[in-house]
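# Fold and contact review
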Amino acid sequence: MPRLSEVIAALDALWPAGLAESWDAVGTVCGDPDAEVSRVLLAVDPVQEIADEAVRIGAQLLVTHHPLYLRGTTTVAASTSKGRVVHDLIRNGIALHVAHTNADRADPGVSDALAGALDLRVVRPLVPDPADPRGRRGLGRICELEHPLTLAELAERAAKRLPATAQGIRVAGDPDALIRTVAVSGGSGDSLFDDVRAAGVDAFLTADLRHHPASEARERTPLALLDAAHWATEWPWCELAAAQLDEISDRNGWGLRVHVSRTVTDPWTAHAASTTDSTGAPN
């Protein structure tokens, strides 16, 4: 069995910390570099439910997309929710490693996995990494459909292919409009609207779209918008990362057992649809 330090070195090669945004908190949060690793769990969120799952399956390493402490902390006391996660992981000999915006920018990365889940062909990054001479790394992806779909059909495909959430897929635009090119960005994507407009695509699929940026985007161009749940747009990366780690394990003869959590950690748990006969705001 490999040591934790060996597995972390392999993960750092997949998602170099230098690719992360300056504000991000990536890398190993806890764990003994000399401890042996035989089982790994991948998930989006380092929340208590995921920590409990890691304990339950006997993992020695938990890899998550979202950081546990994005803005730093002065305490890991078990009286806090995040401190309890740290205590439970350490008590059970489980390391925690985070790959966030470095996994977003990687090749392949989070948006490649999102595109793959929707059967979209990746053409290039939406925001290329200028340090990548191959032009493959960067934020988001510009994609093409094999055959044009209406916006309604594309939304239906996204609803079927992405993990089910209470939100589902929100859509802005003419449902009958033909979509040939799509920009995708796993996670919150409304900071990328300028890049999406510059790319000249027909639609933009991402998460966490806010009212004003979405409204302004629709006013300026006929760009169609598809807004999915944040967790759902990033979960496909877990399967991609698991396949990458499986390949590394096979190549090195490690025999790792790599698991992807199916636990839904999207915070929204229910959705009440507006009545279909509503004609506007109440008097």
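Owing to the predicted nature of the structure, the values given are computational and were not obtained by experimental measurement.

This part takes up the overall build of the protein. Counting secondary structure elements, the protein contains nine helices and 11 strands. Its C-alpha atoms give the protein a radius of gyration of 20 Å, near enough to 19 Å, the size a compact globule of 283 residues would have. For the protein, the spread of C-alpha atoms along the three principal axes comes to 60 × 50 × 30 Å. In the protein, the proportion of contacts linking residues at least 24 apart, taken out of those at least 6 apart, comes to 65%. Per element, the accessible surface of the protein, about 14,000 Å² overall, is 50% carbon and sulfur. Treating the 26 positive side-chain charges of the protein as one cloud and the 39 negative ones as another, the clouds have centres 1 Å apart.

The next subject is the sheet that holds strand β8 (residues 178–188). Across the sheet, which stays open at both edges, the six strands sit in the order β5-β6-β8-β9-β10-β7 with mixed pairing between neighbours. Each edge of the open sheet carries a strand with a single partner, namely β5 (121–128) and β7 (170–172). On average, adjacent strands in this sheet sit at an angle of 25° to one another, irrespective of strand direction. Of the pairings in the sheet, the one linking strand β6 (residues 138–150) to β8 comprises six bridges and is antiparallel in character. Paired with Arg-141 across the strands is Val-184, a residue of β8.

Taken in spatial order, the five strands line up as β1-β4-β3-β2-β11 in an open sheet, and their pairing is mixed. Two strands lie at the open edges of the sheet, namely β1 (27–30) and β11 (257–260), each paired on one side alone. Ignoring strand direction, the axes of neighbouring strands in this sheet form an average angle of 25°. In this structure, strand β3 (residues 61–64) lies alongside strand β4 (residues 95–98), joined through four bridges in parallel fashion. Considered in β4, the bridge of Val-63 is made with His-97. Sitting on the sheet, helix α9 (residues 230–252) is in contact with β2 (39–43), β3 and β11, with an inclination near 175° to β11.

In this section: the side chain of Thr-263. Note that Thr-263 resides in the segment after β11. A relative accessible area of 19% places Thr-263 in the buried class. Within the structure, the side chain of Thr-263 is placed 2.8 Å from the side chain of Glu-53, a separation counted as a polar contact. Apart from the residues lying within four places of it in its own chain, the contact partners of Thr-263 are Glu-49, Ile-50, Glu-53 and Trp-231.

One broad trend across soluble globular proteins is that nonpolar side chains are buried collectively. In terms of nonpolar packing, the biggest core is built from 54 residues, with Trp-15, Leu-61, Val-182 and Trp-237 touching the most fellow members. Considering each element in turn, this core owes the most residues, nine residues, to α9. Counting residues in hydrophobic clusters, the runner-up holds 15 residues, among them Leu-41, Ala-54, Leu-62 and Val-86.

Approximately 680 Å³ is the volume attributed to the largest pocket. Along its surface, the largest pocket is lined by 32 residues, and Trp-23, His-66, His-100, Ser-188 and His-230 are the ones closest to its centre. Secondary-structure elements contributing two or more residues to the lining of the largest pocket are α3 (81–91), α4 (101–105), α5 (110–117), β6, β8 and α9. It is β8 that provides the largest number of residues to the lining of the largest pocket, a total of four residues. Reported here for the second largest pocket is a volume of approximately 190 Å³. Along its surface, the second largest pocket is lined by 13 residues, and His-230, Trp-231, Asp-266, Pro-267 and Trp-268 are the ones closest to its centre. By residue class, the composition of the lining of the second largest pocket is six nonpolar, four polar and three charged.

So, on to the environment of Leu-89. Among the secondary structure elements, Leu-89 is positioned in helix α3. Residue classification places Leu-89 among the buried positions, given a relative accessible area of 0%. For the pair Leu-89 and Ala-152, spaced 63 residues apart in the sequence, the C-alpha separation amounts to 44 Å. With residues up to four places along the chain from it excluded, the contact list for Leu-89 reads Cys-30, Ala-51, Leu-62, Ile-94 and Leu-96.

What follows deals with the packing of α5 against α9. Across the interface, α5 lies against α9 with an axial gap of 7 Å and an inter-helix angle of 100°. The orientation of α5 with respect to α9, classified from their angle, is roughly perpendicular. Counted together, Val-110, Ala-113, Leu-114 and Ala-117 of α5 and Thr-233, Glu-234, Pro-236, Trp-237 and Leu-240 of α9 form the full contact between these two elements. Broken down by class, the residue content of the contact of α5 with α9 amounts to seven nonpolar, one polar and one charged.

What follows is about unusual backbone geometry. Note that the residue after Asp-107, namely Pro-108, is joined by a cis bond; omega there is -5°. Here Pro-108 shows up in the loop between α4 and α5. Here the phi dihedral of Asp-119 falls at roughly 55°; this positive angle occurs in a residue that is not glycine. Within the secondary structure, Asp-119 is located in the loop between α5 and β5. Asp-119 sits in the partly exposed class, given a relative accessible area of 48%.

Conventions and cut-offs
Residues numbered from 1 in each chain as written. Predicted model: local features only at pLDDT ≥ 70, side-chain atom pairs only at ≥ 80, totals over all residues. Heavy atoms only, no water. Helix = DSSP H or I, 4+ residues; strand = E, 2+ residues; numbered from the N terminus. Rg over C-alpha atoms; globule rule 2.2 N^0.38 Å. Contact = heavy atoms within 4.5 Å. Areas by Shrake-Rupley, 256 points an atom, 1.4 Å probe, with all protein chains shown as cover. Lys, Arg positive; Asp, Glu negative; His and termini not counted. Charge placed at Lys NZ, Arg CZ, Asp CG, Glu CD. Pairing = 2+ DSSP bridges. Axes fitted to C-alpha atoms, helices over the stretch in contact; angles between N-to-C directions. Buried < 20%, exposed > 50% of the residue type's maximum accessible area, 1.4 Å probe, protein only. Polar contact = N/O pair within 3.5 Å; in protein donor to acceptor, adjacent residues only side chain to side chain. Core = buried A, V, L, I, M, F, W, Y, C linked by side-chain atoms within 4.5 Å. 1 Å grid on protein atoms, 1.4 Å probe; cavity = no way out; pocket = protein on both sides within 12 Å on 5 of 7 lines; lining within 4 Å. Points joined across faces, edges and corners; volume = space filled by probe spheres on them. Nonpolar A, V, L, I, M, F, W, Y, C, P; charged D, E, K, R; others polar. Parallel < 35°, antiparallel > 145°, perpendicular 65-115°, else oblique.

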